[in-house]
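As a plain string of letters, each chain reads:
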Amino acid sequence: MTRILNANKMEELMKEVIDNFIEKDYKERKPKLVILVASDDKASERYVKNKVAMGEKFGIDVQVVKHEKDVTNEQLIDLIQHLNYESEVDGIMLQLPVYEHLNGEYIINKIRPDKDVDGLTLYNKAKLETNMSLCDPCTPMGVLDLLRIERVSVEGKRVVVVGKGETSGSPMAIMLRNEGATVTICHSRTKREDLEFYIRHADIIVSCVGKRNLLDAEWFKEGSIVVGVGLSYDENGKQHLDFDFDKVVELGKVDLVSQRTNCTGKATVLSLMYNTVVAYSRNK
């Protein structure tokens with residue numbers, strides 16, 4: 001029987017860990033995260049609201065700075081430079097995506113690595129290769145924590161990561177490799193027959209694309225684990241993973257599959273809260 005993966009246990013454990021961190025390093029103020037928003041993307045608005053709500057629940061001050069469409073790279077960089085040396089700001093992140101005229105990667109790399117709680121600066125991405133980043137990227141960090149809580153070891157497992165994006169797929173592959181997994185990366189140029197081959201032989205699949213029905217539920221082998229990170233929305237606003245969750249459950253072949261909501265998205269936000277509190281602990 002297929003078990004359903006969600007982030008409820010992770011939230012309980014993370015609350016306990018974060019409370020202990022804050023109590024140990026109490027500085028007569030809450031940990032503070034500043035989120036810079038330079039986009040009208042509706043999905044991003046939802047994600048930011050979730051981060052603010054989680055911050056309130058965990059005793060973290062999450063401040064959102066929204067910019068209009070006429071904002072420039074220089075204005076955002078000036079603000080980041082100020083926040084970099086603001087003693088009561090522990091974490092800074094730029095919510096992606098950004099307006100088309102902005103250079104998101106360039107802007108992110110102006111964030112001080114020790115305040116880069118999203119783990120996306122070149123410094124932290126390079127250090128990730130040797131498992132020495134100051135903050136790991138939140139989505140792969142959350143996925144690995146979800147698996148650990150379910151006592152799933154990736155060591156020695158054949159893992160397929162679908163997608164090679166800078167926030168999910170690529171760092172996911174690196175972190176899995178660092179944990180001892182044998183990792184195959186598939187992406188938009190992987191032929192469909194090859195994608196099917198790799199999926200059919202995988203012990204664990206992590207799909208990060210955001211394309212409905214990209215993976216056929218029939219491909220997943222008996223006893224495998226399927227984690228959906230990429231999301232898409234239909235004309236009615238219903239959320240979909242890269243595979244048909246209902247069909248995967250109906251077939252009952254896989255051991256563990258992530259549900260559409262309350263899972264990897266929440267795990268990502270929980271990891272962001274954790275990284276913020278770690279940065280707070282460092283910020284003496």
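First things first, this report covers the structure right here in the doc. Note that the structure is a prediction, hence the values are computed from the model and not measured.

**Observations regarding the sheet that holds strand E1 (residues 3-5)**
- Reading across from one edge, E1-E11-E8-E7-E5-E6 is the order of the six strands in this open sheet, with parallel pairing throughout. The sheet is open, and its two borders are formed by E1 and strand E6 (182-186), each paired with just one other strand. On average, each strand axis in the sheet is tilted by 15° relative to the strand beside it, whichever way the strands run.
- Sheet topology note: the strand E5 (residues 158-162)/E6 ladder contains five bridges and is parallel. Looking across to E6, one finds that Val 161 is bridged to Ile 185.
- On the sheet, helix H7 (residues 169-178) packs against E5, E6 and strand E7 (204-207) and is oriented at approximately 165° with respect to E5.

**Description of helix H10 (residues 264-282)**
- With 19 residues, H10 should cover 27 Å at 1.5 Å per step; its first-to-last C-alpha distance of 27 Å lies within 8% of that length.
- Judged by how many residues are buried, H10 sits mostly within the fold: 15 of 19 residues are covered.

**Structural notes on the sheet that holds strand E4 (residues 91-95)**
- With parallel pairing, the three strands of this open sheet are ordered in space as E3-E2-E4. Because the sheet does not close on itself, it has two edges, and the strands there are strand E3 (61-66) and E4. With strand direction ignored, the average angle separating the axes of adjacent strands in the sheet is 20°.
- Bridge count between strand E2 (residues 32-37) and E3: six bridges; the pairing is parallel. By the bridge assignment for E3, Val 37 is matched with Lys 66.

**Focus on the side chain of Asp 25**
- Structurally, Asp 25 can be placed in the loop between helix H1 (8-24) and E2.
- Judged by its relative accessible area of 8%, Asp 25 falls in the buried class.
- In this view, Asp 25 contacts Tyr 280, Ser 281 and Lys 284; residues no more than four positions away in its chain are not counted.

**Some thoughts on the packing of aromatic side chains**
- For the structure shown, the criterion picks out three aromatic pairs.
- The interplanar angle of 75° and the centroid separation of 5.5 Å between the aromatic rings of Phe 197 and Tyr 198 together place this pair among those described as edge-to-face.
- For the ring pair Phe 220 and Phe 243, a centre distance of 5.8 Å and an interplane angle of 90° mean the geometry is edge-to-face. Here Phe 243 lies in the loop between strand E10 (239-240) and helix H9 (245-251) and Phe 220 lies in the loop between E7 and strand E8 (225-228), a separation of 23 residues in the sequence.

**A few points about the layout of surface pockets**
- Here the largest pocket defines a volume of roughly 1100 Å³.
- In terms of lining, the largest pocket is formed by 48 residues, of which the most central are Tyr 47, Thr 139, Leu 231, Gly 265 and Thr 268.
- For the lining of the largest pocket, the secondary-structure elements that each account for two or more residues are helix H2 (42-58), E4, helix H6 (138-149) and H10.
- Here the second largest pocket defines a volume of roughly 200 Å³.

**Concerning the pattern of salt bridges**
- Under the definition given, this model contains 19 salt bridges.
- Its salt-bridge partner being Glu 11, residue Lys 57 comes within 2.8 Å of it at the nearest N-O pair. Remark: Glu 11 occurs in helix H1 and Lys 57 occurs in helix H2; sequence separation between them is 46 residues.
- Of the charged contacts in the structure, one is a salt bridge between Asp 40 and Lys 66, with a shortest N-O distance of 3.4 Å. Here Asp 40 is found in the loop between E2 and H2, whereas its partner Lys 66 is found in strand E3, with 26 residues between them in sequence.
- The exposure class assigned to Asp 40 is partly exposed, which follows from its relative accessible area of 45%.
- Judged by its relative accessible area of 39%, Lys 66 is partly exposed.
- A cluster of three or more residues bridged by salt bridges with shared partners is formed by Arg 3, Lys 9, Glu 150 and Asp 255.

Cut-offs and rules
- Residues numbered from 1 in each chain as written.
- Predicted model: local features only at pLDDT ≥ 70, side-chain atom pairs only at ≥ 80, totals over all residues.
- Heavy atoms only, no water.
- Pairing = 2+ DSSP bridges.
- Helix = DSSP H or I, 4+ residues; strand = E, 2+ residues; numbered from the N terminus.
- Axes fitted to C-alpha atoms, helices over the stretch in contact; angles between N-to-C directions.
- Contact = heavy atoms within 4.5 Å.
- Expected span 1.5 Å × (residues − 1).
- Buried < 20%, exposed > 50% of the residue type's maximum accessible area, 1.4 Å probe, protein only.
- Phe/Tyr/Trp six-rings, centres within 6.5 Å; stacked < 30°, edge-to-face > 60°.
- 1 Å grid on protein atoms, 1.4 Å probe; cavity = no way out; pocket = protein on both sides within 12 Å on 5 of 7 lines; lining within 4 Å.
- Points joined across faces, edges and corners; volume = space filled by probe spheres on them.
- Salt bridge = Lys/Arg side-chain N within 4 Å of Asp/Glu carboxyl O.

Interpretation in functional terms is not warranted from these geometric data alone.
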